[in-house]
Every structure is written in structure tokens, then in C-alpha cells.
Amino acid sequence: QGGSRVGFYLGTCPRAESIVRSTVESHVNSDPTLAAGLLRMHFHDCFVQGCDASVLIAGAGTERTAIPNLSLRGFEVIDDAKAKVEAACPGVVSCADILALAARDSVVLSGGLSWQVPTGRRDGRVSQASDVNNLPAPFDSVDVQKQKFAAKGLNTQDLVTLVGGHTIGTTACQFFSNRLYNFTSNGPDPSIDASFLLQLQALCPQNSGASNRIALDTASQNRFDTSYYANLRNGRGILQSDQALWNDASTKTYVQRYLGLLRGLLGLTFNAEFGRSMVKMSNIDLKTGSDGEIRKICSAFN
Ligand code: HEM
Ligand SMILES: [Ca+2]
Ligand SMILES: [Ca+2]
């Protein structure tokens, strides 16, 4: 996992990070929902073949065509940043690094704390839809979520923290509408707050709302804050996998700590911890040194 380091491009492309930042900024300013798209894209990259931009390759049979990736957004932001970075320093900066930096910049633009992103990743030469099988699903139990994160070297705190990325962005109703209508033989998921259930049912009608999009963090979908965790506490989580974090003792303590419900040594600051867990996630199975390549354009192998 070693090989990446903060400031990798200082000697070879000193403007790389600022070019990425200003590109992400201009896109997010015109469409604030892109911040969530870029954060999720980096997660989906890192969990499949490591953080190597495999998710960015276009074409038949690539990762992009796998079901969980069909709704990824922001490819045009990465392509734009890459074109500008190439113009400044051709052949130097990887697409994998641009995506990792763009994810960080997206969090900062949404009001989160910044962190230093180690760079030096190289771009992978493989992208296959069939490899997209270890991403967590919205129906996964806490145990399965923990196993999938542990397989990538991420512990329970990292899980609760990184899923906190759901403090921004939206989901299609299809990923949770079973909770609203046919979760048990009697109907809805009893862990949903009663008045919230009525709101969600209105937003996601049973037979016609599958593609409607709903904030993952009600009333705070563009702010990088702890509101997402407060919603979990109040039975206002959206995905079954999200609400489960409150209903399992091992993950609930982290939610409580982020909400300041456990004080003193047990207190934790979400926005600070998020950057720390992101650095761990951003270092999954890196290709460094002479592995892989530096792509010329992010959507195609050289
Ligand atoms: C147990 C782990 C996770 C599960 C089951 C999960 C599941 C999902 C699902 C089903 C969606 C909605 C997709 C759609 O409607 O197209 C979503 C959206 C999102 N996820 Fe996750 N996710 C997980 C972890 C993460 C992590 C670790 C991050 C980032 C660090 C993340 C960031 C996001 C963001 C930002 C969105 C909104 C995307 C947008 O608005 O375009 N998720 N997630
Ligand atoms: Ca990858
Ligand atoms: Ca929020």
C-alpha cells in the first residue's frame, strides 16, 4: 500500500492540485450535486481493483457498465481537469490521483474540513464489469458491511465514518422503497419514524416512483455535516444499510460519538475523522512506481 506521499507532484507538476481544485470548483458552482457524484465515484474506484481510475474507462464491458456504476456522475469533471493538467504538464499526473483530489475538493466545497491527499497513484490497465462485485449493497446487514470494509483494510470506525459521505447526495427510490411498502409481511420497516414514512411514501409512490431521487440526508443534502447521523438517530435514515448503523451496537457507538452523545475521551469529530478515513480508503491497493501507466485521457487506456 505504500508509495503515495503528500506533494508527489511538487517537483513535476506544481500546479496539479490547484488546477484540479479550480476545475472542480467551477463545475460544482454551476451544479452543486456534482460534489456527491465525485465523492461516490472515488469510493467505487477504490473498492474495485484499488484506487487506479479503473472506474473511469468507457466502453463495452467496463466497470462503468456494471449496475452500481450506472448512476455515477461527474465523469466530465474529471475529463476536464485531466485536459487542463495535461496542458500544464503532459504525461505526469494520473487520473487516479485527479479523482482522489477531486473527492477531497468536493467535500471541502460542501463545507467539510480539508485534508492532505497523498498522491503518486498510477492508472490501472484493467476495467471489467465482472470485477464490480464487492461493493456494499443498500440491503447489506451491518455484519456484511463490516466484512466488505475489513476486506479493504477498513475497520468499524472507518465504515461508520465513510458511509457518513451520505451527508451529501441523493438516492433513487428503487434502492429503499421496499422499506416503505413491503419490508415485513405487515408492510413498512418499523424502524422508520411514522411521520417521515408518510413523507417518503409521497416522494416515492409504490408503482411509479422508482427513479425519483431523494436526499440521503434529509434537509442537508449539500452540506457536509453530522445531520446525516442525527437523522439515523431519529429513524430518518433512507437506505436500510444506513439505518442499520444505528440499530447495531458496534456501529451505533460511533454515531453517538459523532453526535456528541458520548463525551470526554469518547468524543469524536466527524469532519476531522472523515479525512483520516478517506486517506485510508484512498490508499487501497495502489499501483505505484512502474506499475500501471499515466493515462493520456481518463476514459481510455493508453
Ligand atoms: C455500506 C456502504 C454503502 C452503501 C450500501 C452505499 C449505497 C449507496 C446507494 C444505494 C446510493 C444511491 C445510488 C443511486 O441512487 O444511484 C448511494 C449514493 C451515494 N453514496 Fe453510498 N453507499 C455506501 C458507502 C458510501 C461511501 C463509503 C461513500 C463515500 C465515502 C459513499 C458516498 C455516496 C454519495 C456521495 C452518494 C450520492 C451520490 C449522488 O448524489 O450522485 N457511499 N450510496
Ligand atoms: Ca479501481
Ligand atoms: Ca448533510
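These numbers were taken from a predicted model, which means no experiment stands behind them.

> What is the right way to read the overall build of the protein chain from this model?
In terms of regular secondary structure, the protein chain is built from twelve helices and two strands. Element order for the protein chain, N to C, with α for helix and β for strand: α-α-α-α-α-α-β-α-α-β-α-α-α-α. Here the protein chain has a C-alpha radius of gyration of 19 Å; the compact-globule value for 302 residues is 19 Å, and the two agree. Seen along its three principal axes, the alpha-carbon backbone of the protein chain occupies a region of about 60 × 50 × 35 Å. With 302 residues in all, the protein chain has 44% of them scored as buried.

> Can you help me understand the UniProt feature "binding site: heme b" (unreviewed entry) in the protein chain in this one?
This chain's UniProt record puts "binding site: heme b" (unreviewed entry) on H166. Relative to the helices and strands, H166 is located in the loop between helix 6 (156–163) and strand 1 (170–172). Among all residues touching H166, those that are not within four sequence positions of it are L216, D217, Y228 and D242.

> Where do I start with the UniProt feature "binding site: Ca(2+) 2" (unreviewed entry) in the protein chain in this structure?
Taken from the UniProt record, the annotation "binding site: Ca(2+) 2" (unreviewed entry) applies to T167, D217 and D225. For this annotated set, covering 59 residues, all C-alpha atoms fall within 9.5 Å of each other, a compact arrangement in space. Excluding its chain neighbours within four sequence positions, the residues that come into contact with T167 are D217, S220, F224, D225, S227 and Y228. Of the residues examined, D217 has 29 C-beta atoms within 10 Å and is grouped as buried. In contact with D217, other than residues within four places in its own chain, are H166, T167, I168, S227, Y228 and N231.

> Whenever I open this one, the environment of A87 confuses me. Can you help?
Within the element layout of this structure, A87 appears in helix 3 (residues 75–88). Sequence-wise, A87 and K152 are 65 residues apart; in three dimensions their C-alpha atoms are separated by 35 Å.

> Even after reading the chapter, I still don't get unusual backbone geometry, so can you show me in this structure?
Even without being a glycine, Q49 presents a positive backbone phi close to 65°. One can find Q49 in the loop between helix 2 (34–46) and helix 3. Non-glycine residue A219 carries a positive phi angle of around 75°. Here A219 lies in the loop between strand 2 (213–215) and helix 9 (227–233). Classification of A219 by C-beta neighbours within 10 Å gives exposed; the count is 10.

> What am I meant to see in the site of ligand 1 here?
Surrounding ligand 1, one finds 25 residues, the nearest of these being S71, P136, G165, G169 and T171. Residue assignment for the shell around ligand 1 shows that the elements contributing at least two residues are helix 2, helix 6 and strand 1. Of all the elements, helix 2 adds the most residues to the shell around ligand 1, at five residues. Looking at side-chain class alone, the shell around ligand 1 contains twelve nonpolar, ten polar and three charged residues.

> Would you take a moment to explain the nonpolar core for this structure?
For soluble globular proteins, nonpolar side chains are generally found buried alongside one another. If you look at the biggest cluster of nonpolar residues, it comprises 62 residues, and the most contacted ones within it are V20, L38, I78, A81, I98, L99 and A102. If one sorts the elements of this core by residue count, helix 4 (residues 95–109) sits on top with ten residues. The residues that make up this core include at least three from each of domain 1 (16–135) and domain 2 (142–277). When residues no more than four places from it in sequence are discounted, the contact partners of L38 are V24, G74, V77, A102, A103 and S106.

Here is what the cut-offs are and how they apply
Residues numbered from 1 in each chain as written. Chains lettered and ligands numbered in written order. Predicted model: local features only at pLDDT ≥ 70, side-chain atom pairs only at ≥ 80, totals over all residues. Helix = DSSP H or I, 4+ residues; strand = E, 2+ residues; numbered from the N terminus. Rg over C-alpha atoms; globule rule 2.2 N^0.38 Å. Buried ≥ 20, exposed ≤ 12 C-beta atoms within 10 Å, placed from the backbone. UniProt positions renumbered as here; feature names shortened; annotations may be inferred. Contact = placed C-beta atoms within 7 Å. Near = placed C-beta within 6 Å. Nonpolar A, V, L, I, M, F, W, Y, C, P; charged D, E, K, R; others polar. Core = buried A, V, L, I, M, F, W, Y, C linked by C-beta atoms within 7 Å. Domains from an automatic or database assignment.

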